[in-house]
Every structure is written in structure tokens, then in C-alpha cells.
Amino acid sequence: MWNEIDQHMQHWIREAGERIRDAFQTKLKIETKSSPSDLVTNVDREIEQFFIERIRRTYPTHRILGEEGLGDTLEALDGVVWIIDPIDGTMNFVHQQRHFAISVGVFQDGVGMLGYIYDVAFDELYYAQNGKGAFLNGTPLPPLEKTTLDRSIISLNATWVTENRRIDPNVLAPLVKKARGTRSYGSAALEMAYIAAGKLDAYMTLRLSPWDIAGGMVIVQEVGGVVTNLYGEPLNMIEKSSVFVSKPGLHEEILAIIQR
Ligand code: IPD
Ligand code: CA
Ligand code: CA
Ligand code: CA
């Protein structure tokens, strides 16, 4: 069953990417949601609808959780559930026309089975099947090796090291000082894909939704990366939570610093 779903999804996600690239030739309808920095466009909704139509036609018993709310309302993850972020990094999509991705995870009874992150502008598809390896455009991604903070690039949003209502900036400051470098790409999905591909070593953020991380979680775990919340606990894929993704070894080193 999973091979068959994967074959469909490989076609659907590339077709969705083509639609997004075509949309660059049209005028986007841009709206704000909860705040001026929380953007949504007609393309976010159209791409979510594109996946929903195909999934419902092919797998009518599967359920769908999508960021733009066009799928089902879920209270639990029993059965097969598709968790979809049609465009992760909408701000980048609108302002930069790059550094955004389609992110999809397919879960069975809460266990991640398939994960996809498609970097549309670069035409790079990261994907994994539980137990069958992770790939970038068909090339296997090697297992992640242990590393240490002083040799690592860590990704986090600059607001978390300024005065904010979620975390004491003094908790994260020692990390930023000790790391080899910091980055902030503005797409949780791509930041997870980069960890899986060894381009980044850790990523942490204080509040994400299941659709931001569902695809990435399957891909990162498949290459031996660690995905938890900022307390080192497993993630619950039905609620918002903090997220901490890292290469092995580095995960323990960073947790020890932020829990000091
Ligand atoms: C956002 C991106 C961003 C993260 C935000 C998310 P969206 O997703 O992943 O990197 O910092 O918290 O909401 O709204 O562009 O799909
Ligand atoms: Ca959004
Ligand atoms: Ca997102
Ligand atoms: Ca989104």
C-alpha cells in the first residue's frame, strides 16, 4: 500500500509544484490571518484543494489535516491521516519567490509512514518511507553522523534571542555564542529537510503546528536525526508545540545547555 501511495504522491507533488511555479506569472491575492506577518494567498488554498481532491478520489477512507482548513477536523490520528502544508514559508513565497516548500506527511495510527518536502523553486524533492530510507530527487541520503555544537550550524528565528513572551533570551544566547554559525530560513519544512541532508545541524523553534513538521519528521527520523520538543519529549502531532530537531549527539549537548 505505501509504495502505491508513494507513486501517486511523487506525481501529485511535482504537479502541484508546477502549478505554484506557473502562479508566479499571475497576480497573487495576498491576505493576512492572525497578524500582519501571518500571510496566506490564493495559491496556498488552491494547492491544498488540489491535494484534497486527489486524495479523496483515490483514497476515500483517508482523512486529511491541512493548514488552510479545507480538509477534515481531527481530534485524533487513528487510521491513515495526511497532514498537509500546501506552502510552508508563505512569507518567502510572497517576498522572495524561493525558500518555501510543499510539506506532506502520511501517518497511520499516529506513526509517520511517508514524508515529502518539495523545494519548488529549486526543484528538490526530499522524501522518505518509514524503514525504506530517505532520498533527495532519487539519491539516497546517508545516515546522519554525531556532531558537536562548536562544529555546527544551528537554525533559529532571531526573535527568540530578543525580549519575547515565550523564552528567556539568556537561555538561547549561550547556544548562539558556542555554535559555529546560525541561520534562519523561514520555512520549518526546509530547515528539517536541510538537517536530513546534512546542510544544517540543528533547528529549534517555540511554536509550530503539525503540518509544519509532519513531512520533515518522517524524513529526519529515517536518517537517524532526533525530533522532539524543546524539553526533549516526543511530539504530539495533533497540537501546536515547540520543536527541536537535531543530529544525534548534538541533541543531548543542546538540551543540556538549554535546561541548565
Ligand atoms: C511558517 C514557517 C516559518 C515558521 C512559522 C510557520 P507557513 O509556516 O514554517 O518558518 O517560523 O511558525 O508558521 O505559515 O509559512 O506555512
Ligand atoms: Ca501559514
Ligand atoms: Ca507552515
Ligand atoms: Ca503554510
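Sequence positions are assigned chain by chain, starting from 1 and proceeding in written order. Key to labels: chains lettered from A, ligands numbered from 1, both in the order written. The model is predicted, so local features are restricted to residues of pLDDT at least 70 and side-chain atom pairs to those at 80 or more, both for listing and for counting; the totals for chains, interfaces and linings are taken over all residues. Water and hydrogen atoms play no part in the side-chain values, which are based on all heavy atoms of the structure.

A few points about the overall build of the protein
Part 1: The secondary structure content of the protein amounts to seven helices and 14 strands.
Part 2: A compact globule built from 260 residues should have a C-alpha radius of gyration of about 18 Å, and the protein, at 18 Å, falls within 12% of that.
Part 3: For the C-alpha atoms alone, the extent of the protein along its principal axes is close to 50 × 40 × 35 Å.
Part 4: Relative to its full complement of 260 residues, the protein shows a buried share of 54%.
Part 5: The method behind every accessible area is Shrake-Rupley, applied with a 1.4 Å probe, and residues are considered shielded solely by the protein chains displayed. Carbon and sulfur atoms provide 48% of the accessible area of the protein, an area that totals close to 12100 Å².
Part 6: When the 26 basic and 34 acidic side-chain charges of the protein are each reduced to a single mean position, those positions are 4 Å apart. Helix and strand labels come from DSSP, where a helix needs a run of H or I of at least four residues and a strand needs a run of E of at least two; each type is numbered from the N terminus. We take the radius of gyration over the C-alpha atoms and set the globule estimate at 2.2 Å times the residue count to the 0.38 power. Only protein chains enter the accessibility calculation, which uses a 1.4 Å probe; a residue whose area is less than 20% of its type maximum is buried, one above 50% is exposed, and one in between is partly exposed. When charges are counted, Lys and Arg contribute as positive and Asp and Glu as negative, whereas His and the chain ends are disregarded. By convention, the charge on Lys lies at NZ, on Arg at CZ, on Asp at CG and on Glu at CD.

Some thoughts on the sheet that holds strand 12 (residues 202-208)
Sheets are built from strands that pair by backbone hydrogen bonding, the pairs being arranged parallel or antiparallel.
Part 1: Criterion used throughout: strands pair if DSSP finds at least two bridges between them. One open sheet holds the five strands; their spatial order is 11-10-12-14-13, and the pairing between them is mixed. Each edge of the open sheet is held by one strand with a lone partner, namely strand 11 (181-183) and strand 13 (226-228). Across the sheet, the axes of successive neighbouring strands diverge by a mean angle of 15°, strand direction being ignored.
Part 2: Here three bridges tie strand 10 (residues 153-155) to strand 11, and the two strands are oriented parallel to one another. For I153, the partnering residue across the bridge sits in strand 11 and is G181.
Part 3: It only takes one pair of heavy atoms within 4.5 Å for two residues to be counted as in contact. In this analysis an axis means a line fitted to C-alpha atoms, helices contributing only their contacting stretch, and an angle means the value between N-to-C directions, from 0 to 180 degrees. This element, helix 5 (residues 188-196), spans strand 10, strand 12, strand 13 and strand 14 (241-246) of the sheet and lies at about 155° to strand 12.

Looking at the sheet that holds strand 4 (residues 80-88)
Part 1: Pairing within the open sheet is mixed, and its seven strands lie in the order 3-4-5-6-7-8-9. In the strand order of this sheet, the two ends are held by strand 3 (63-66) and strand 9 (139-140), each with one partner.
Part 2: Packing against the sheet, helix 5 makes contact with strand 4, strand 5 (101-108), strand 6 (111-119) and strand 7 (124-129), and its axis sits at approximately 105° to strand 6.
Part 3: Packing of helix 6 (residues 210-222) onto the sheet brings it into contact with strand 3, strand 4, strand 5, strand 6, strand 7 and strand 8 (133-136), and relative to strand 6 it is tilted by some 105°.

Side note on the UniProt feature "binding site: Mg(2+)" (unreviewed entry) in the protein
Part 1: The feature "binding site: Mg(2+)" (unreviewed entry), as annotated in UniProt, sits at E67, D85, I87, D88 and D212 in this numbering. A compact arrangement is adopted by the annotated residues: their sequence extent is 146 residues, whereas the largest C-alpha distance between any two is 9.5 Å.
Part 2: Following the sequence through the fold, I87 ends up in strand 4.
Part 3: The class for I87 is buried, based on a relative accessible area of 1%.
Part 4: With residues up to four places along the chain from it excluded, the contact list for I87 reads I20, V43, D44, E67, F93, F100 and A101.
Part 5: Its location among the elements puts D212 in helix 6.
Part 6: Beyond its immediate chain neighbours, meaning those up to four positions away, D212 contacts D85, D88, S103, A188, A189 and M192.
Part 7: For this analysis, a polar contact is any N or O atom pair within 3.5 Å, provided that within protein one partner can donate a hydrogen and the other can accept it, and provided that sequence-adjacent residues contribute only side-chain to side-chain pairs. In this structure the side chain of D212 is engaged in a polar contact, spanning 2.8 Å, whose partner is the backbone nitrogen of S209. UniProt positions are given in the numbering used here, feature names are shortened, and annotations may be inferred rather than shown by experiment.

What to know about the nonpolar core
Part 1: In these notes, a set of buried Ala, Val, Leu, Ile, Met, Phe, Trp, Tyr and Cys residues joined through side-chain atoms within 4.5 Å is what counts as a nonpolar core. I83, I117, Y126, M192, M237 and V245 are the most contacted members of the largest nonpolar core, which has 38 residues in total.
Part 2: When residues of this core are traced back to their parent elements, those giving at least two are strand 4, strand 5, strand 7, strand 8, helix 5, strand 12, helix 6 and strand 14.
Part 3: The element best represented in this core is helix 5, accounting for eight residues.
Part 4: Where each domain begins and ends follows an automated or database-derived domain assignment. Three or more residues apiece are contributed to this core by two domains, here domain 1 (2-140) and domain 2 (149-258).
Part 5: In contact with M192, not counting residues within four places along its chain, are Y203, D212, I213, G216, M217, V220, V227 and V245.
Part 6: In this structure, M9, I20, M113 and Y116 belong to the second largest nonpolar core, which totals 35 residues.

Thoughts on the packing of aromatic side chains
Geometrically, a pair of aromatic rings is defined through the distance of the ring centres and the angle of the planes.
Part 1: For Phe, Tyr and Trp, where Trp contributes only its six-membered ring, two rings pair if their centres lie within 6.5 Å, and the inter-plane angle classes them as stacked under 30 degrees, edge-to-face over 60, or tilted in between. If you walk through the whole model with that rule in mind, you get nine aromatic pairs.
Part 2: Between F24 and F93, the aromatic rings sit 5.5 Å apart at their centres with planes inclined by 40°, giving tilted as the arrangement. Here the residue F24 occupies a position in the loop between helix 1 (2-23) and strand 1 (30-32), and F93 occupies one in helix 3 (residues 90-96), the gap between them amounting to 69 residues.
Part 3: In this structure F24 comes out as partly exposed when scored by relative accessible area, which is 28%.
Part 4: Overall, the relative accessible area of 0% leaves F93 in the buried class.
Part 5: Three or more aromatic residues joined by ring pairs form one cluster here, namely W12, Y59 and W82.

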